[in-house]
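# Residue-level structural notes
Listed here are the chains, written in short residue letters.
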Amino acid sequence: MKIEVIRADRRQLAETYESALGSGSRLLTMVASDEKDIGIDRFVLRYFFATGNGQVTELKTVVPETDPSFSSLAGKLPAASWYEREAQDLFGVQPVGHPDPRRLVLHDDFPDGVYPLRRDYPLEQMQPRQSNGGFSFPPVKGEGVFEIPVGPIHAGVIEPGHFRFQVMGDTVFHLEARLFYTHRGLEKRAEGIDLLQGSGVSEQLCGVCSASHALSYAQAVEQIAGTDVPVRALYLRSLLAELERFYNHVGDIGNLCAGIGFSHGSNHGARLKEALMQMHYRILGHRYLRGMIIPGGVRRDLTGGQLSEILRVTQDVKVQIQQLVKEITANQIALDRYRGTGVLRQDIAQQFAAVGPAARASRIGNDARREFPHAAYRQLDFEIPMLEEGDVLARFLIRALEAGQSAELVRQIIGTIPEGEVLTPPGELPAYRYALGITESPRGENVHFVMTGPNNTIYRYRVRSASYANWPVVAFCAPGNIVPDFPLINKSFELCYACCDR
Amino acid sequence: MLYVLKRLWKYGLGTLPRRQLNEMQTASAPYMPDYSRLPQNSQRGYEEELEMIQERLTERIKKIFGRSLHIRHLDSGSSNACEWEVTALLNPVYDVQRFGIDFVASPRHADMLLVTGGVTRNLEEAVRKTYAATPAPKLVVAVGDDACGTGFAGRTYAHYGGVDQIIPVHVYVPGDPPTPVSILQGILKALEQTH
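Turning our eyes to something else, we now look at the sheet that holds strand β9 (residues 171–178) of chain A. Residue and element names in this part refer to chain A. Reading across from one edge, β7-β8-β9 is the order of the three strands in this open sheet, with antiparallel pairing throughout. Looking along the sheet, the strands with just one partner apiece sit at the ends: β7 (145–150) and β9. Averaged over all pairs of adjacent strands, the angle between strand axes in this sheet comes to 20°, irrespective of strand direction. One ladder, built from seven bridges, connects strand β8 (residues 162–168) with β9; its direction is antiparallel. Directly across from Val167, in β9, lies its bridge partner Val172.

Below you can see the structure in the form of structure tokens.
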């Protein structure tokens, strides 16, 4: 992928963005890195934009150590908001004019003036807690207005996150989410690790997006190395990505039924997801498809018998999940709960650069399999379903349609996969080069930034998962709905907290 | 694959040294475990493994807890794989409710804490409060490599690297993630340990 670089002065970012990029581009990710070791003073901010037809443009600016501030893009480009707050927390670079400069990744008890992702900060040093006013939510006033705090530990078996509802009676009029409770510091852990072992880091980010993260990482490394991946490995990678998409969508259909208390749907969905995961364990060795995709190809080959078994199980589940979707959409209560709930407006999805099925349900049609063709997707024939209502029903139907597409893709891949090698190890990689690896996870586009260091190690690894891009828009879908509909809205996005928090 | 380490936490009796826990890592390469090796018992299938433990599990639960075991799941910062495996325990295939196991919404209703994740900085307070809110006698089972202290993320500026850094743990169930049957075996181990 050829990246066009535009250099900008740190005090004139907004103007450069307007003149060079403007509204035809979509923000992919922003990476802040401390490049003191390479002789740069000192922090480099790279905003990556998709400018259409698979082109990527980089807006690069350097922020010096003595005056670590830059003019924020978030006022003009809401999608940049979280990236700049994260850079502020982890590197200490201050976005001047940012409309919401609260702490994001590090919570308020982390000491001021200490920035863990700077190169000179030791990885394992845990800071003492400072007592602080705490995170400030907008205050609530008025007769009959209540504030409901939920989380971070929730009642069910689910990941941690905090939601602050402001309600009148049962109707939500404002929602704010506070995340990064599962921030583990994986990006700093990755620094210094051997590049070929880096798939281990990428798979630890998230359980249900493991294959797509490993694939993004491998693609970034292969671009830097300039090596080609054997064709059979590309097909196997697409197979793994589609198997991941399939089991996630099958599970999500079941979870959406759990959100409305429809136990027939949730139990059948869970049963079918389990059938797929047991097939993964039997044939691929891991229920979450970990351990297969590494830079250079895939770890091992699959025999014809194993491929037929994968085909048999996926087609069997496909028939049953389509039957289940028919039953759910024939149920009046389900339709009543789903229709019109949690509408994601197209303009909001656009401004925040939302991705994935949630965006496609609001007519924002990006899919990394088409926009940045990777693995074997150029040779495969598939549709990208799109809807425009943007409600829970639309997101549910998109998943049902995509599940059918994934099963169809699995059949195509197994039918047309060529023979050959499956692994060409990349060898020695040049130092201080970077690349983006972009794939489509079940939740949307993942963008991995990998920069190599000396001796085949990782210098900087920045992961922007689909969940990171989409979490900011979830809060916009709740107002106007009743509180009990929020778990349903949340499940209709089915975003990972772990992918976002890292 | 049954691979559960039992650890005693009694006042004054110290803990297992970290080195021993680290040696338990099943992977040969520390950063890149090779899951693509077919597991040894892949032919046996989950049904037989489940059958082997379900009678014992039901019997222990009836004997110790008088019919039911209430479990509170606590995610202290996992990669969500372990968390989805715990969710799988409630699906129609494993269906742990028929053994008398139920997942409860509050630690105040729980007999056992099933902890996934290695305790992040932002969740330390939640872990301590949850443990304190669970009434005695209580059992803690650490599920997954991160919770056991043998995980990849390890100790960082935002991560303690193991549940036993914050609260006492009775049984460790390593795995990345452990399968639902392994988690059940860990729960059974915790029950057998109490008598």
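So, next bit.
The next point concerns the environment of Val56(A). All names here are of chain A. Within the secondary structure layout, Val56 lies in strand β4 (residues 56–63). Separated by 337 residues in sequence, Val56 and Leu393 place their C-alpha atoms 33 Å apart. Beyond its immediate sequence surroundings of up to four residues, Val56 is in contact with Met1, Lys2, Ile3, Glu4, Leu28, Phe48, Phe49, Thr51, Phe372 and Leu436.

Now for the domain arrangement of chain A. All names here are of chain A. Looking at the assigned domains, one finds that chain A contains domain 1 (1–136), domain 2 (149–178) and domain 3 (186–493). Its C-alpha centre places domain 1 at a distance of 27 Å from the equivalent point of domain 3. Each partner contributes residues to the interface: domain 1 has 38 residues there, and domain 3 has 27 residues. Around 2900 Å² of area is buried between domain 1 and domain 3 when both sides are counted, 61% of it from carbon and sulfur atoms. Considering only the side of domain 1, the residues that lose the most area to domain 3 are Met1, Arg26 and Trp82, jointly responsible for 21% of the buried surface there. At the surface where domain 1 touches domain 3, the tally comes to five salt bridges. One salt bridge in this structure joins Glu445 and Arg26, with 2.9 Å as the shortest N-O distance. Taken together, domain 1 and domain 3 are joined by 14 residue pairs in polar contact (both at pLDDT 80 or more). When contributions to the side of domain 1 that touches domain 3 are tallied by element, the ones reaching two or more residues are β1 (3–7), β2 (26–34), β3 (43–50), β4 and α2 (81–91). A per-element tally of the side of domain 1 that touches domain 3 places β2 first, with nine residues. Broken down by class, the residue content of the side of domain 1 that touches domain 3 amounts to 23 nonpolar, four polar and eleven charged.

Take the packing of aromatic side chains next. Residue and element names in this part refer to chain A. Under the defined criterion, the tally for this structure stands at 20 aromatic pairs over all chains. The interplanar angle of 25° and the centroid separation of 5.4 Å between the aromatic rings of Tyr17 and Phe49 together place this pair among those described as stacked. Of the two residues, Tyr17 sits in helix α1 (residues 13–20) while Phe49 sits in strand β3, which places them 32 residues apart along the sequence. As far as the burial class goes, Tyr17 and Phe49 line up, both buried. Clustering of aromatic rings is evident, with ring pairs tying together Phe163, Phe165, Trp471, Phe486 and Tyr497.

The next point concerns the pattern of salt bridges. Residue and element names in this part refer to chain A. Taken as a whole, this structure holds 49 salt bridges over all chains when the rule is applied. Arg119 is the salt-bridge partner of Glu191, the closest N and O atoms lying 3.4 Å from each other. Separated by 72 residues along the polypeptide, Glu191 in the loop between α3 (186–190) and α4 (198–204) and Arg119 in the loop between β6 (94–96) and β7 bring together distant segments of the chain. Assessed through its relative accessible area of 25%, Arg119 is described here as partly exposed. When salt bridges that share partners are traced, they join Glu242, Arg245, Arg360, Asp367, Arg369, Glu402 and Glu440 into one network.

Attention now moves to the layout of surface pockets. Here the largest pocket defines a volume of roughly 1200 Å³. Lining the largest pocket are 49 residues, and of these Val157(A), Asn255(A), Ala258(A), Lys491(A) and Thr87(B) lie nearest its centre. Elements with a minimum of two residues in the lining of the largest pocket: β8, α6 (231–259), α7 (263–284) and α15 (486–493) of chain A together with β2 (69–75), α3 (81–88) and β3 (101–103) of chain B. Tallied by class, the residues present in the lining of the largest pocket amount to 24 nonpolar, 15 polar and ten charged. Mapped onto the domain boundaries, the lining of the largest pocket takes at least three residues apiece from domain 2 (149–178) and domain 3 (186–493) of chain A.

A few words now on the packing of α2(A) against helix α14 (residues 466–477) of chain A. All names here are of chain A. As a packed pair, α2 and α14 sit with axes 10 Å apart at the nearest point and diverge in direction by 110°. Considering the angle they form, α2 stands roughly perpendicular to α14. On α14, the residues touching Trp82, Tyr83 and Glu86 of α2 are Tyr468, Trp471 and Pro472. Among the residues making up the contact of α2 with α14, the classes are represented as five nonpolar, no polar and one charged.

A few words now on the nonpolar core. The nonpolar side chains of a soluble globular protein tend to be buried with one another. The biggest cluster of nonpolar side chains holds 150 residues, and the ones touching the most others in it are Tyr47(A), Leu73(A), Leu239(A), Ile310(A) and Tyr338(A). At 13 residues, the largest contribution of residues to this core is made by α6(A). Those residues in contact with Leu73(A), other than ones at most four positions away along the chain, are Leu13(A), Ala14(A), Tyr17(A), Tyr47(A), Phe49(A), Leu59(A), Ala80(A) and Glu84(A). Counting 30 residues, the second largest nonpolar core, distinct from the first, contains Leu50(B), Met112(B), Leu139(B) and Leu184(B).

Across the contact, 71 residues belong to chain A and 53 residues belong to chain B. At the boundary of chain A with chain B, total buried surface from both sides reaches about 5100 Å², with 56% on carbon and sulfur atoms. Three residues stand out in chain A for area buried against chain B, namely Met126(A), Val157(A) and Arg184(A), and they jointly supply 15% of the buried area on that side. Summed over the shared surface of chain A and chain B, the number is four salt bridges.

On to the pairing of strand β12 (residues 434–441) of chain A. All names here are of chain A. Among the eight residues of β12, seven are classified as buried, and the element is accordingly described as predominantly covered. Looking at chain direction, β12 and strand β13 (residues 444–452) are connected through eight bridges and run antiparallel. Bridge pairing in β13 places Gly437 opposite His448. As consecutive antiparallel partners, β12 and β13 are separated by two residues.

Residues and elements named next belong to chain A. With twelve residues, α14 should reach 16 Å at 1.5 Å per residue; the first-to-last C-alpha distance of 17 Å fits that figure. Counting buried positions over the twelve residues of α14 gives eleven, a clear majority of the element. Along α14, the positions that sit buried rather than exposed are Ala466, Ser467, Tyr468, Ala469, Asn470, Trp471, Pro472, Val473, Val474, Ala475 and Cys477.

Time to look at unusual backbone geometry. The omega torsion across Asp41(A) and Arg42(A) is -20°, close enough to zero to call that bond cis. Tracing the sequence through the fold places Arg42(A) in the loop between β2 and β3. Look at the link from Gly151(A) to Pro152(A): it is a cis peptide, with omega at 10°. As for its position among the elements, Pro152(A) is in the loop between β7 and β8. Positive phi outside glycine occurs at Leu289(A), with the angle close to 65°. Relative to the assigned elements, Leu289(A) resides in the loop between α7 and β10 (293–294). For Leu289(A), a relative accessible area of 2% corresponds to the buried category. The phi torsion at Asp95(B) lies on the positive side, around 45°, for a residue other than glycine. Here Asp95(B) is to be found in the loop between α3 and β3.

Conventions we followed
- Every chain's residues receive numbers from 1 upward, in the order its sequence appears when written.
- Chains and ligands are labelled by the order in which they are written, letters from A for the one and numbers from 1 for the other.
- Predicted model: local features are reported for residues with pLDDT of at least 70 only, side-chain atom pairs are reported and counted for 80 or more only, and whole-chain, interface and lining totals are derived from all residues.
- Here the side-chain values reflect all heavy atoms present in the structure, with hydrogen atoms and water set aside.
- A pair of strands counts as paired when DSSP detects no fewer than two bridges linking them.
- Secondary structure elements follow DSSP: runs of H or I of four or more residues count as helices, runs of E of two or more count as strands, with numbering from the N terminus.
- Interaxial angle, 0 to 180 degrees, is taken between N-to-C directions of lines fitted to C-alpha atoms, where a helix line uses only the stretch in contact.
- Contacts were defined at the residue level, with two residues in contact if any of their heavy atoms lie within 4.5 Å.
- Each domain's extent was defined by an automatic or database domain assignment.
- Here the quantity called buried area is the accessible surface, traced with a 1.4 Å probe, that two parts lose on coming together, added over both.
- Salt bridge criterion: a side-chain nitrogen from Lys or Arg within 4 Å of a carboxyl oxygen from Asp or Glu.
- Throughout this description, a polar contact denotes any pair of N or O atoms lying within 3.5 Å of each other; where both atoms belong to protein, one of them has to be capable of donating a hydrogen while the other can accept it, and for residues adjacent in sequence the pair is counted only when both atoms sit in side chains.
- Residues are grouped as follows: Ala, Val, Leu, Ile, Met, Phe, Trp, Tyr, Cys and Pro are nonpolar; Asp, Glu, Lys and Arg are charged; all remaining types, including Gly, are polar.
- The pairing test for Phe, Tyr and Trp rings, Trp by its six-membered ring, is centres within 6.5 Å, and the orientation test on the planes gives stacked under 30 degrees, edge-to-face over 60, and tilted for anything in between.
- Buried means the residue's accessible area, taken with a 1.4 Å probe over protein chains only, is under 20% of the maximum for its type, while exposed means over 50%, and partly exposed covers the values in between.
- With a 1 Å grid laid over protein atoms only, a set of points is called a cavity when a 1.4 Å probe fits there but cannot get out and a pocket when it is open yet has protein on both sides within 12 Å along at least five of seven lines; lining residues have an atom within 4 Å of a point.
- Grid points are joined across faces, edges and corners, and a volume is the space filled by probe spheres set on the points.
- When an angle is under 35 degrees it counts as roughly parallel; over 145 it counts as roughly antiparallel; between 65 and 115 it counts as roughly perpendicular; any other value is oblique.
- As used in this record, nonpolar core signifies buried Ala, Val, Leu, Ile, Met, Phe, Trp, Tyr and Cys residues forming a set joined through side-chain atoms within 4.5 Å.
- Helices are assigned an expected span. That span is 1.5 Å times one less than the residue count.

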